[in-house]
Amino acid sequence: PQRTERILAGLLEMCAERTQSGKTIVVRLQHADAGAILSVEDHGTPNEGDVSSVVRRFAELQGGTVTAEATDSGAAFRVWRLSANGEGPAGFGAP
């Protein structure tokens, strides 16, 4: 759980630095095939280079990946975790 908290905090910090005052940052946690997808969305341009190495490493330690995707309103930075057998998203938070 601490790694997941650090991932969320890192993504929120990054989006806060990229977002103008008064604009909204959206956080979503979605169930997906026996797992979860954590999304943090802002109004900027998607750029995976903006994601800190710490966030990326904590995602990888949990068997996950970080992606940056374009949305209608800007960018979504998504983290999802593979199951132990590598066949899809699994529960979020286990080391």
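Residues numbered from 1 in each chain as written. Predicted model: local features only at pLDDT ≥ 70, side-chain atom pairs only at ≥ 80, totals over all residues. Heavy atoms only, no water.

1. Regarding the overall build of the protein
Part 1 of the argument: Of regular secondary structure, the protein possesses two helices and four strands.
Part 2 of the argument: Overall, the protein shows an N-to-C arrangement of helices and strands of α-β-β-α-β-β.
Part 3 of the argument: Within the protein, buried positions represent 37% of all 95 residues.
Part 4 of the argument: Excluding contacts between residues fewer than 6 apart, the proportion of contacts in the protein whose partners are at least 24 apart in sequence is 52%. (Helix = DSSP H or I, 4+ residues; strand = E, 2+ residues; numbered from the N terminus. Buried < 20%, exposed > 50% of the residue type's maximum accessible area, 1.4 Å probe, protein only. Contact = heavy atoms within 4.5 Å.)

2. Quick look at helix H2 (residues 53–61)
Part 1 of the argument: Within the span of H2, buried status applies to Val55, Phe58 and Ala59. Around the axis of H2, the buried residues are gathered within 100 degrees of arc, so they sit on the same side.
Part 2 of the argument: The positive-phi residue at the C-terminal boundary of H2 is Gly63, with phi of around 80 degrees. (Arc of directions from axis to C-beta.)

3. Quick notes on the side chain of Asp42
Part 1 of the argument: Within the element layout of this structure, Asp42 appears in strand S2 (residues 36–42).
Part 2 of the argument: In this structure the side chain of Asp42 is engaged in a polar contact, spanning 2.6 Å, whose partner is the side chain of Arg18.
Part 3 of the argument: Beyond its immediate sequence surroundings of up to four residues, Asp42 is in contact with Cys15, Arg18, Thr19, Thr24, Ser73, Gly74, Ala75 and Phe77. (Polar contact = N/O pair within 3.5 Å; in protein donor to acceptor, adjacent residues only side chain to side chain.)

4. A few points about the confidence of the model for the protein
Part 1 of the argument: Of the residues in the protein, 82% reach a pLDDT of 70 or more, and the chain-wide mean stands at 84.
Part 2 of the argument: The element-level mean pLDDT for the protein is lowest in strand S4 (residues 75–81), coming to 89, with helix H1 (residues 2–18) highest at 94.
Part 3 of the argument: Per-residue pLDDT stays below 50 along residues 82–95; that stretch engages in 38 contacts with residues further than four places along the chain or on separate chains. (pLDDT = per-residue confidence, 0-100.)

5. Comments concerning the pattern of salt bridges
Part 1 of the argument: Under the definition given, this model contains six salt bridges.
Part 2 of the argument: For the salt bridge of Glu41 with Arg28, the shortest nitrogen-to-oxygen distance reads 2.8 Å. Placement of the pair is Glu41 in strand S2 and Arg28 in strand S1 (residues 26–31), with a sequence separation of 13 residues.
Part 3 of the argument: Classification of Glu41 as buried rests on a relative accessible area of 10%.
Part 4 of the argument: Of the charged contacts, one joins Glu41 and Arg78 as a salt bridge, the two residues approaching to 3.9 Å between their closest N and O atoms. One end of the pair, Glu41, is in strand S2; the other, Arg78, is in strand S4, with 37 residues separating them in the sequence.
Part 5 of the argument: Beyond isolated ion pairs, a larger network of salt bridges with shared partners links Arg28, Glu41, Glu69 and Arg78. (Salt bridge = Lys/Arg side-chain N within 4 Å of Asp/Glu carboxyl O.)

6. What to know about the nonpolar core
Part 1 of the argument: Core analysis: the largest hydrophobic core is formed by 15 residues, its most contacted members being Ile7, Leu11 and Phe77.
Part 2 of the argument: Those elements giving two or more residues to this core turn out to be H1, S2, H2, strand S3 (64–70) and S4.
Part 3 of the argument: In terms of residue count, the dominant contributor to this core is H1 (four residues). (Core = buried A, V, L, I, M, F, W, Y, C linked by side-chain atoms within 4.5 Å.)

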